[in-house]
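# Structure assessment
Now for the letters of each chain:
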Amino acid sequence: MVRKILFWSLGLLTVIFVGGYLLLFPPLPIPPETARDLPSNFAEADEEFGRRVAAAYPLPLTVNDLAARLDEQGFSVETATNYAICPNYI
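Reading the values: rules and limits
- Residues numbered from 1 in each chain as written.
- Predicted model: local features only at pLDDT ≥ 70, side-chain atom pairs only at ≥ 80, totals over all residues.
- Heavy atoms only, no water.
- Phe/Tyr/Trp six-rings, centres within 6.5 Å; stacked < 30°, edge-to-face > 60°.
- Buried < 20%, exposed > 50% of the residue type's maximum accessible area, 1.4 Å probe, protein only.
- pLDDT = per-residue confidence, 0-100.
- Helix = DSSP H or I, 4+ residues; strand = E, 2+ residues; numbered from the N terminus.

## Description of the packing of aromatic side chains
By the definition in use, this model includes 2 aromatic pairs. Between Phe 7 and Trp 8 the ring centres are 5.6 Å apart and the planes differ by 80°, which places this aromatic pair in the edge-to-face class. When sorted by exposure, Phe 7 lands in the same class as Trp 8, which is exposed. Taken together, a centroid distance of 5.2 Å and an interplanar angle of 45° make the contact between Tyr 21 and Phe 25 tilted. The exposure class assigned to Tyr 21 is partly exposed, which follows from its relative accessible area of 46%.

Here it is as structure tokens:
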């Protein structure tokens, strides 16, 4: 009987500890494709990101085409306000 109480108490404490940890320190979200695996050096990462954006969204590009491409990549696009956000980073 005491063993069962101890077992369930430890299980409950583990669930509370893990849940509290995830609440305080949520896992990092996965960035959009254009921002993945960038170099650790800021200047290099900035240049690489610029190249990726230019390749993914070549100009001239209409607002509707841009909204459609962003929507395909998982962004939440509000066409009324011309605003797009990545839901992972809210």
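## Regarding the confidence of the model for the protein chain
Predicted confidence across the protein chain gives a mean pLDDT of 83, with 96% of residues reaching 70 or more. Averaged over each element, pLDDT in the protein chain is lowest for strand β2 (residues 83–85) (80) and highest for helix α2 (residues 42–56) (90).

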